[in-house]
Amino acid sequence: MDEIKLLREQARAELNRLEAESTAKEVAGKAIGKHGLAYITAIVVVGVGASLALDESKIAAVIGLVSAALTALIFMLNGIAGANPKQEKPEFEIMKQLIDKLDRLDRQEQPMRVDVEGDKVTVRKGDDVVTANKR
């Protein structure tokens, strides 16, 4: 009986040593394997619940946030798993874009103006100006 306890403790010590020597990528990969699907499911449930509870004007913003969060999570998961080459923090870029879009939601829509002069079409909306030729 003492030999079994000794073997059990040796095995536990070896397991602890192996876990301590694991790289961050290995540890993250194991955590994703255990919890990644639950995270994605939770985000989807939040999106569906929000779409049921919110009025139509706010659903688009919530669904945009949910899809961006899922995209960022999937990019992070792929980066940890090594499926994609290393990228420079795509989740931060996505979050910046979302913040910019949300900042514009509470403002009144700027008027748009279209000028057509011969074959040239100019579209102005706020500070943005786009010019193209008709074809």
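Residues numbered from 1 in each chain as written. Predicted model: local features only at pLDDT ≥ 70, side-chain atom pairs only at ≥ 80, totals over all residues. Heavy atoms only, no water.

## Details of the sheet that holds strand β2 (residues 120–125)
Moving on, step 1. Pairing in this open sheet of 3 strands is antiparallel, and the strands run β1-β2-β3 from one edge to the other. Either end of the sheet is taken by a strand with one partner, and the two such strands are β1 (112–117) and β3 (128–133). Pairs of neighbouring strands in the sheet enclose a mean axial angle of 15°, with direction left out of account.
Moving on, step 2. Judged from the 6 bridges that link them, β1 and β2 form a sheet pairing that is antiparallel. By the bridge assignment, E117 is partnered in β2 with K120. (Pairing = 2+ DSSP bridges. Helix = DSSP H or I, 4+ residues; strand = E, 2+ residues; numbered from the N terminus. Axes fitted to C-alpha atoms, helices over the stretch in contact; angles between N-to-C directions.)

## Things to note about helix α2 (residues 24–53)
Moving on, step 1. At H35, α2 shows its largest bend, some 55°.
Moving on, step 2. For α2, every residue scored as buried is listed here: G36, G47 and A50. (Bend = angle between axes of the 7 residues up to and from the residue. Buried < 20%, exposed > 50% of the residue type's maximum accessible area, 1.4 Å probe, protein only.)

## Side note on the pattern of salt bridges
Moving on, step 1. Tallied over the full model, the rule gives 4 salt bridges.
Moving on, step 2. Put simply, R12 and E9 hold a salt bridge, and the shortest N to O gap is 3.0 Å. Separated by 3 residues within a single helix, R12 and E9 lie in helix α1 (residues 2–21), roughly one turn from each other.
Moving on, step 3. Under the relative-accessibility criterion, R12 is labelled partly exposed at 43%.
Moving on, step 4. In this structure, E14 engages R17 in a salt bridge whose closest nitrogen and oxygen atoms are separated by 2.5 Å. (Salt bridge = Lys/Arg side-chain N within 4 Å of Asp/Glu carboxyl O.)

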